[in-house]
Number of protein chains: 2
Amino acid sequence: MKIAVDAAGGDYAPHEVIKGAIRAAQEYGVEIALVGRKNVLRKLVEHSKTKPGLGISIVDAKQVIDFNEHPMKAIQSKPNSSIVVGIGLLKSGGADAFVSAGNTGAVVGAALLTLGKTKGVSRPAIGCFLDTVSSFPALLVDAGANADCRPEHLLEFARLGSLFSQAILKIERPRVGLLSNGTEDGKGNRLVHDSYPLLKNATDINFVGSIEGQDIVKRTTDVIVTDGFTGNIVIKTIEGFSDNFLVSVRQIGHVFSSAYRLRGRDLLRDIGLTNWARKLDYTEYGGACLLGVNGNVIIAHGRSQARAIKNAIGLAKETVERCITQKVKEEKHEQTS
Amino acid sequence: MKIAVDAAGGDYAPHEVIKGAIRAAQEYGVEIALVGRKNVLRKLVEHSKTKPGLGISIVDAKQVIDFNEHPMKAIQSKPNSSIVVGIGLLKSGGADAFVSAGNTGAVVGAALLTLGKTKGVSRPAIGCFLDTVSSFPALLVDAGANADCRPEHLLEFARLGSLFSQAILKIERPRVGLLSNGTEDGKGNRLVHDSYPLLKNATDINFVGSIEGQDIVKRTTDVIVTDGFTGNIVIKTIEGFSDNFLVSVRQIGHVFSSAYRLRGRDLLRDIGLTNWARKLDYTEYGGACLLGVNGNVIIAHGRSQARAIKNAIGLAKETVERCITQKVKEEKHEQTS
């Protein structure tokens, strides 16, 4: 299995991306194709003194798409960018999956243009795992690919999310919740009102009804369905909050180490706060999957460091092994035939 | 100044509501009219052994509107409910403000029906303070009164929020941000796209552009404008997260007290965690204001306990003192004349 990794994408590229990729190659035994500026990458990989035979290759891509670039314009004007080249590798069969922490819009755009939508899917969506108190994360779909949606899109997200959740987390009948501003009768915006009966009548998903914002952390459902505008705001709100918490955890450690003349790190470890803090650090968690395109595309957080990149590559490996793309295709084929 | 308080509204009514009201009367020197079942309330007030001369009266309201009742139906079928009676008091001049932790939809509905919209306001909205790391909370409008909005409504929310923020927090030119799924060109759903130019061209607000979910906690703006669907989901997501955090803080205290043979409470106090935790507990924070109706209506959290009720009454007092309703009226009068 070969996984192409965008070595130019993300705030900590290329150093942290390379570190994460090397760890992933060691831990998961996958081959890695680092996509980026060949000369730079070659030196960095040599410097990292990896064991020989790790299976890390380099694919040259001289251009970089920045975070603030307009996705579609950037894709067209930068055919040699790491994103376009990486997605191209996937298309040509030169890689089984592509992982990028770069411009999300550009990754989605390039995947749509080059790989195409899975037959029967009208709107590919981003499925993002939200790690919560529970042992299994909940999957939020759509985390940002489609700002404006119609009811039939939300039904599609529910199906894509259920399939993904089944395959990756091995949940037999994932509970699907529709995110709304209340669970009482009459609550919801027009989109929720119109989507509710579609979800309720769909026999191929396990729809459990509307859920509210506070249910996300409580993890009352396995799949959370919402439009990409709301979904994106929700995950970024949680992210901001978790950042805030992490800063406070560090302050607490500092204050404590002064007060009790202990090293802050010991305290945090003793009381299990480091693990908890890590669980809340969404930049560590790893990746989101672009669902409904002809290829395995994993979108890592822009602030990903080595551990997050390694985790995203792990998710890519799972996605390949569990044949997600193939499963979506078959499901859609059944629905349309 | 007399503030009517819904003694039947909220998960901890009437006990905690009465406690909070008595504390508010002591601390702020306001008169309180408790609205609810007279016989029950009289006994509870007598039991609480308040100092004489505190100015706590009781207004009889035999019916209760539950949380899961359909707001408009409940208002019509329960004219003697604490919400309808309380809003009626406001209308008749028997109170200067009304505070309720009851069914939000019913409070909004009753206010609209009985008090009416301020002239020039097409959609009253809920302005909710989000306490963050900063010393001043940010105001989110709309926190849930209008699930579906048009661009002109968001402009109105920006104006109402600015006025409220100016009056309550004494911020001279509150920075207004439009909540979106990205700040780059082309980001946003249709509503955001169409609202952006309206906000940008409005000379009476200090619009600073789009903001993202993570900016909410960072508090990059004083007023956060969004539709009531998204706004409600955002505040409830934060609430769920803060609950989760509070549970963990308690667990940490427990684990620590075992490990270091100290009382958990001491540790939490020593490292300043209790204050921080309290800051994150939105049920403690107090209240949201219904902006754009002819009267001062404060909506407290359904899970409000005494402290939160006291805080909500404090916000009501500020709202009355700073003549919010009058200011909105004047502003709207200027705009329409």
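What you see is a predicted model; the values in this text were computed from it and never measured.

> What exactly am I supposed to notice about the overall build of chain A here?
A tally of regular secondary structure across chain A gives 14 helices and eleven strands. Buried residues in chain A amount to 60% of all 337 residues. Summarising the internal contacts of chain A: among those between residues at least 6 apart in sequence, 72% fall at separations of at least 24.

> Sorry if this is basic, but what is going on with the sheet that holds strand β8 (residues 206-211) of chain B here?
Strands belonging to one sheet form pairs held by backbone hydrogen bonds; the direction of such a pair is parallel or antiparallel. All names here are of chain B. The eleven strands lie next to each other as β3-β2-β1-β4-β11-β10-β5-β6-β9-β7-β8, forming an open sheet whose pairing is mixed. Because the sheet does not close on itself, it has two edges, and the strands there are β3 (56-60) and β8. On average, each strand axis in the sheet is tilted by 25 degrees relative to the strand beside it, whichever way the strands run. Sheet topology places strand β5 (residues 125-130) next to strand β10 (residues 288-291); four bridges connect them, and they run antiparallel. Paired with cysteine 128 across the bridge in β10 is alanine 288. Across the sheet, helix α2 (residues 38-47) is in contact with β2 (31-36) and β3; its angle to β3 comes to roughly 160 degrees. Against the sheet, helix α13 (residues 306-321) engages β1 (2-6), β4 (97-100), β10 and β11 (296-299), with an angle of about 155 degrees to β11.

> Any chance you could explain the environment of glutamine 26 of chain B here in plain terms?
Residues and elements named next belong to chain B. Along the polypeptide, glutamine 26 turns up in helix α1 (residues 15-28). We classify glutamine 26 as partly exposed; it has 13 C-beta atoms within 10 Å. For the pair formed by glutamine 26 and phenylalanine 129, sequence separation is 103 residues and the distance between their alpha carbons is 24 Å.

> Which parts of the structure should I look at to understand α13 of chain B?
Residues and elements named next belong to chain B. With 16 residues, α13 extends 22 Å from end C-alpha to end C-alpha; this agrees with the ideal 22 Å at 1.5 Å per step. With twelve of 16 residues buried, α13 lies mostly within the body of the structure. If you check which residues of α13 are buried, you get Ala308, Ile309, Lys310, Asn311, Ala312, Ile313, Gly314, Leu315, Ala316, Lys317, Thr319 and Val320.

> Just to check I follow, could you spell out the sheet that holds strand β2 (residues 31-36) of chain A for this structure?
All names here are of chain A. Taken together, the eleven strands give an open sheet; going across it, the order is β3-β2-β1-β4-β11-β10-β5-β6-β9-β7-β8, and neighbouring strands pair in mixed fashion. In the strand order of this sheet, the two ends are held by β3 (56-60) and β8 (206-211), each with one partner. Taking each pair of neighbouring strands and ignoring which way they run, the sheet shows an average axis angle of 25 degrees. Sheet topology places β2 next to β3; five bridges connect them, and they run parallel. Along β3, the bridge assignment pairs glycine 36 with aspartate 60. The strands that helix α13 (residues 306-321) touches are β1 (2-6), β4 (97-100), β10 (287-291) and β11 (296-300); relative to β11, the one it contacts most, it runs at about 160 degrees.

Rules used throughout
Residues numbered from 1 in each chain as written. Chains lettered and ligands numbered in written order. Predicted model: local features only at pLDDT ≥ 70, side-chain atom pairs only at ≥ 80, totals over all residues. Helix = DSSP H or I, 4+ residues; strand = E, 2+ residues; numbered from the N terminus. Buried ≥ 20, exposed ≤ 12 C-beta atoms within 10 Å, placed from the backbone. Contact = placed C-beta atoms within 7 Å. Pairing = 2+ DSSP bridges. Axes fitted to C-alpha atoms, helices over the stretch in contact; angles between N-to-C directions. Expected span 1.5 Å × (residues − 1).

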